[in-house]
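Report on the structure
Here's the letter readout for the chains.
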Amino acid sequence: MKGTGSPAKGFILLIALLALMFGAAWAAEPQAVMMATTTSTDDTGLLDYLAPHFKTATGYELRWTATGTGKALELGKNCDVDVLLVHAPKAEMKFVEEGNGINRTLVMYNDFVITGPAADPAGIKGKTVAEALSAIAAKKSPFVSRGDNSGTHKMEQELWTASNLPLPEKESWYISTGQGMLVTINVAAEKNGYTLTDRGTYIKYESDKAGKAPQVILVEGDAPLLNQYSVIEVNPKRCAKVNNMLAHQFAVWVTGPQAQKLIQEFKLMGKPLFTPNAKR
Amino acid sequence: MDFLYHGLLEAIRLLLSGDPETYSAVAATLKVSSYAMAASLLMGIPLGFVLGHLRFPGRRQARLAVDTLLSLPTVFIGLMVYAFISRQGPLGHMGLLFTLPGIAIGQTLLALPVVIALTATAVESMDANLRVTLRSLGANRRQLMRATLWEARHGILAAALNAYGRVMTEVGISMMVGGNIKWHTRTITTAIALETNKGQFAMGIALGLILLLIAFGVTAAMSLLRGK
Amino acid sequence: MAPLYQLDRIRHHYNGHTVLAIDDWTLSAGSITGLVGANGCGKSTLLKLLGFVERPAEGEILFNGRRTTPMDDATRRTVVLLPQESHLLKRTVFANVAYGLRVRQDRHQERERVAQALEWVGLPADAFARRPWFALSGGEARRVALAARLVLRPQVLLLDEPTTSVDGASAQRMKAAALYAHRQWGTSLIVASHDLAWLHEICHDVIHLFAGRILGTGLQTLLFGPWLDLGAGRVAMALTDGQRFVALRPAEQADAAVAAIDPRRLTLLCSDQAPSQAQAIMEGILSSLTLDPRAGGINASVTVGHTEFRVHLPADHPALAGLTPGRAARIAYAPEDVRWYA
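Note that this is a predicted model, so its numbers are computed, not measured.

1. Examining the overall build of chain B
Assigned secondary structure in chain B consists of 11 helices and zero strands. For chain B, the sequential pattern of α-helices and β-strands runs α-α-α-α-α-α-α-α-α-α-α. Along the three orthogonal principal directions, the C-alpha set of chain B runs to about 65 × 45 × 30 Å. Counting all 228 residues of chain B, 51% fall into the buried class. Long-range pairs, those at least 24 residues apart, make up 75% of the contacts in chain B between residues at least 6 apart in sequence. For chain B, the exposed area adds up to about 10100 Å²; of that, 70% sits on carbon and sulfur atoms. Between the averaged position of the 19 positive side-chain charges in chain B and that of its 10 negative side-chain charges there is a distance of 14 Å.

2. Considering the nonpolar core
Core analysis: the biggest nonpolar cluster contains 83 residues, and Leu134(B), Ile188(B), Val97(C), Tyr99(C), Leu118(C), Leu146(C) and Leu150(C) have the highest contact counts within it. Setting aside anything within four residues of it in sequence, one finds Leu134(B) in contact with Ala139(B), Leu144(B), Ala147(B), Thr148(B), Leu89(C) and Tyr99(C).

3. Quick word on helix α5 (residues 100-124) of chain B
All names here are of chain B. In a regular helix each residue adds 1.5 Å, so 25 residues correspond to 36 Å; α5 covers 35 Å between its end C-alpha atoms and thus fits that length. Maximum bend of α5: about 30°, positioned at Ala111, with proline Pro113 one to four residues after it. Of all 25 residues that make up α5, 20 are buried, and the element is covered over most of its length. The residue sitting at the N-terminus of α5 and contributing the capping side-chain oxygen is Thr99; that oxygen lies 3.1 Å from the backbone nitrogen of Gly102.

4. Side note on empty space enclosed by the protein
Residues and elements named next belong to chain B. On inspection of all chains with the given rule, the structure shows seven cavities of 30 Å³ or more. Of the pockets and cavities examined, the largest cavity occupies roughly 120 Å³. In terms of lining, the largest cavity is formed by 13 residues, of which the most central are Glu21, Thr22, Ala25, Arg186 and Ala191. Elements with a contribution of two residues or more to the lining of the largest cavity: α2 (20-53), α10 (188-197) and α11 (201-227). If one sorts the elements of the lining of the largest cavity by residue count, α2 sits on top with four residues. Of the residues that constitute the lining of the largest cavity, the class distribution is six nonpolar, two polar and five charged.

5. Description of the sheet that holds strand β12 (residues 228-231) of chain C
Residues and elements named next belong to chain C. The strand order across the open sheet built from three strands is β12-β13-β14, with neighbouring strands paired in antiparallel fashion. Each of the sheet's edge strands pairs with one partner strand only, and the pair in question is β12 and β14 (244-248). The mean inter-strand angle of the sheet, taken between neighbouring strand axes irrespective of direction, is 35°. With five bridges joining them, strand β13 (residues 234-238) and β14 adopt antiparallel strand pairing.

6. What to know about the pattern of salt bridges
A full pass over the atoms with the stated rule returns 29 salt bridges over all chains. Between Lys182(B) and Asp48(A) there is a salt bridge, with its nearest N and O atoms 2.7 Å apart. A residue pair is termed interchain when its members come from two chains, as with Lys182(B) in the loop between α9 (172-178) and α10 and Asp48(A) in helix α3 (residues 46-58). We classify Asp48(A) as partly exposed; its relative accessible area is 31%. Between Arg67(C) and Glu60(C) there is a salt bridge whose closest N-O contact spans 2.7 Å. Each of the salt bridges in this network shares a partner with another, and the network as a whole consists of Arg59(B), Arg63(B), Asp67(B) and Glu124(B).

7. Structural notes on the side chain of Arg63(B)
Mapped onto the fold, Arg63(B) is located in helix α3 (residues 59-69). The residues touching Arg63(B), leaving out its near neighbours within four places in the chain, are Leu51(B), Ala117(B), Ala120(B), Thr121(B) and Glu124(B).

8. A look at the interface of chain A and chain B
In this assembly, 39 residues from chain A lie in contact with 37 residues from chain B. In this assembly, chain A packs against chain B so that about 3200 Å² is buried in total across both faces, 61% of it on carbon and sulfur atoms. Counting across the interface, chain A meets chain B through three salt bridges. Summed over the shared surface of chain A and chain B, the number is 10 residue pairs in polar contact (both at pLDDT 80 or more). Listed by contribution, the elements that provide at least two residues to the side of chain A that touches chain B are α1 (7-27), α2 (39-43), β2 (61-67), α4 (69-77), α8 (181-191) and α9 (199-208) of chain A. Sort the elements by how many residues they give to the side of chain A that touches chain B and α1(A) lands first, with eight residues. The class makeup of the residues in the side of chain A that touches chain B is 17 nonpolar, seven polar and 15 charged.

9. Re the state of the cysteines
Tallying each qualifying case throughout the model produces one disulfide over all chains. The residue that forms a disulfide with Cys79(A) is Cys239(A), at a sulfur-sulfur distance of 1.9 Å. Judged by the sign of its S-S torsion, about -60°, the bond between Cys79(A) and Cys239(A) is left-handed. Here Cys239(A) lies in the loop between β9 (226-234) and α10 (244-254) and Cys79(A) lies in the loop between α4 and β3 (83-86), a separation of 160 residues in the sequence. Take Cys79(A): its relative accessible area is 1%, and that puts it in the buried class. Unpaired in this structure, Cys41(C) has its nearest cysteine sulfur neighbour in Cys203(C), at a distance of 15 Å. The exposure class of Cys41(C) is buried, given its relative accessible area of 4%.

10. Let's talk about the packing of helix α6 (residues 138-150) of chain C against helix α7 (residues 168-185) of chain C
For any two helices packed against each other, one specifies the crossing angle of their axes together with the interaxial distance. Residues and elements named next belong to chain C. Remark: α6 packs on α7, axes separated minimally by 10 Å, with the N-to-C direction vectors making an angle of 10°. Regarding the angle of α6 to α7, the classification is roughly parallel. Residues Gly139, Glu140, Arg142, Arg143, Leu146 and Leu150 of α6 form the contact with α7, whose participating residues are Ser170, Arg173, Met174, Ala177, Ala181 and Trp185. Its residues assigned to classes, the contact of α6 with α7 comprises six nonpolar, two polar and four charged.

11. Overview of helix α6 (residues 129-139) of chain A
Residues and elements named next belong to chain A. Val129, Ala132, Leu133, Ala135 and Ile136 are the residues of α6 that are buried. One face of α6 carries all of its buried residues, which in axial projection span an arc of 160°. Buried residues belonging to α6 abut β4 (101-117), β5 (143-145), α7 (151-162), β7 (194-198) and β8 (215-219). At the C-terminal side of α6, Lys140 shows a positive phi close to 55°.

12. What to know about the environment of Ile85(B)
Residue and element names in this part refer to chain B. Along the chain, Ile85 falls in helix α4 (residues 74-85). Accessibility expressed as a relative area gives 2% for Ile85, which makes it buried. In this structure the C-alpha to C-alpha distance between Ile85 and Val177, which are 92 residues apart in sequence, comes to 8.6 Å. Setting aside residues up to four positions removed in sequence, Ile85 forms contacts with Leu91, Gly92, Leu96, Leu97, Gly102 and Val177.

Conventions adopted
- Residues numbered from 1 in each chain as written.
- Chains lettered and ligands numbered in written order.
- Predicted model: local features only at pLDDT ≥ 70, side-chain atom pairs only at ≥ 80, totals over all residues.
- Heavy atoms only, no water.
- Helix = DSSP H or I, 4+ residues; strand = E, 2+ residues; numbered from the N terminus.
- Buried < 20%, exposed > 50% of the residue type's maximum accessible area, 1.4 Å probe, protein only.
- Contact = heavy atoms within 4.5 Å.
- Areas by Shrake-Rupley, 256 points an atom, 1.4 Å probe, with all protein chains shown as cover.
- Lys, Arg positive; Asp, Glu negative; His and termini not counted.
- Charge placed at Lys NZ, Arg CZ, Asp CG, Glu CD.
- Core = buried A, V, L, I, M, F, W, Y, C linked by side-chain atoms within 4.5 Å.
- Expected span 1.5 Å × (residues − 1).
- Bend = angle between axes of the 7 residues up to and from the residue.
- Polar contact = N/O pair within 3.5 Å; in protein donor to acceptor, adjacent residues only side chain to side chain.
- 1 Å grid on protein atoms, 1.4 Å probe; cavity = no way out; pocket = protein on both sides within 12 Å on 5 of 7 lines; lining within 4 Å.
- Points joined across faces, edges and corners; volume = space filled by probe spheres on them.
- Nonpolar A, V, L, I, M, F, W, Y, C, P; charged D, E, K, R; others polar.
- Pairing = 2+ DSSP bridges.
- Axes fitted to C-alpha atoms, helices over the stretch in contact; angles between N-to-C directions.
- Salt bridge = Lys/Arg side-chain N within 4 Å of Asp/Glu carboxyl O.
- Buried area = accessible area lost by both parts, 1.4 Å probe.
- Disulfide = S-S within 2.5 Å.
- Parallel < 35°, antiparallel > 145°, perpendicular 65-115°, else oblique.
- Arc of directions from axis to C-beta.

Below is the structure:
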């Protein structure tokens, strides 16, 4: 008969367990700033690099969850994070206008590039973004999109519109992966197609392939390709539970001289990724 | 496909070198799945027993509902739990989002239907003569229940293992509720998802192999217990 | 003193189908009672009710004069049933035998008592106590099940076909063990069995169950028809070897009636003896001859076709001289001695 507790005993155990579980959660409310950010800042290792410096400078821990910009903004709207580090200016401004966030401040930018197979079947190398996208559409070359409402995806949609082209979402040559950037580049390589990526992820991709990358940069440096990152504090007037003191601490620190210098010095595979441009 | 081979080497290196990130993810996985299993077994075994042993009105409907819940997608559970424990949600004040207990709640919901349904099946499939035998030997109602539960122990163990498998391998809940926060809520599965997203396929394979190793350890321990 | 069991207007149903209907029946303590009847006649159901494993749908069972139900643990525990399918718990032989003791929270000298019970059924504790439930033959499992009942030293032991489908050696051991309980502790035995020879050997009384009803008691032979009308107030049932069992037509409709003939109303004829005019005769094979331990005299069984007729004779009956089982034997009876059950 051993090994089977009576229902009453089981119930007491259950209560004890729940107490243990939630007790731990209640007891240890650490002084940590909770941030929602985009996959690019996490995947490149920038946050891993910055977080210890932030801890040394302020004594606070930085915790982040890396998702698409869409979900990051949603987490902010639901008061689940204290601060956001995202890169979708139009959506960010709407977010602030609707009263969800305050003190939106530019932090840094990197740029987007259009990559494609070295053979470049649509012949877009060296062209402007508008010319390149027109050429891809005209040639019906495969174009691989994130399709996940991320900052990169939003940027891509804006580029089609800015180039006076209809969104090719329904076209057979337009492939929507719904996944992260590196997966998307790999899909583009498999499909012998083009894609839009942030430079940081491309550098990572290129170094992973150790000089044998099938995807190469074909369009870069054009003004519309600038990818601006901003920090936004979640509005404490809307969200009583957020720790705005910490959020503000982080926002000030990341736009301050120490962090800006660190961002400048951050290199991936020997190449700088982000250009700090905080105006403080 | 040489990342498969590199993955194997990487798995060995991570384990032997005591890589802190890997061990943190392993610890998170073990902790959260233990919470979830303890809670789902404590609730699921009695409920499953009641469902399988007693005859009450609405039992068929309850059974149908539980069997349907076996098909709950983990991402959906993740979203539901998020809706409740988000700071804007009804349980927001408990501060469970982005914590291991938060993930454990979701995984408990994932495992509970498995434990209930399989326990009920195990109890139902007990020999019809068991009841007569126990009664004829003088067991009262409580002793009858206890002995039936004990007789069904192999089926219940299988239920626990099955639920454990689902809990260990799910990624939807851990990602949605836990947020994949390094050093805190990053589990092996969310780490695999992250590494895969980053294109670090070998690392993903390595972590997958480590998960498999843990699963092997648990299963082996269980089958030893069963052998007794 | 109140009888051991007193059944009052008992009805029991399964799925709306009445399987047991006993209006009035009593049984006194300290007896050995046989329960015979075809499969599905209600023997197992009756035993489950007597063992307080199930509650009758209607009616009352008085046990030692007290109304008793399956909820009445204390009383119930003096009655122990060995079900037809003896399910072993998924534990060791020892734990199986000890289960009933533990249920009663009676752990005093548990080891010794379990070992003793195993000895009674011929399973040495040294060799068997530690075996798991699955490492037993069918006969051994059945014996363990019986040991698990005997260890409780019950006031009443109900055995549902204890020796069906077990090997001869096991059956022998089990019969001996059951009788041991009866002699040692005065345990009342109620035994359902198809082993009529055994029942006749040990039982004080035998109860015939037919379609859920008690069809009289005693060691009589039952004949279920179909009945052929011979005219002149007589009916007959064809036996499988071409002979006929003849009786007077019953008062009620013949086709559903059951005929019974008492062993004392049957006799054996000597080889050269001519029957009287009023007697009906059948020829069969003598299948057994046993001493009737209580009434004195000899119980003989004669098989005609597939039907076994039981005959009770005085020990000095001349027809017994030189007769051994396997020999041809003639039995005679008066058709008016056949009794009818509707």
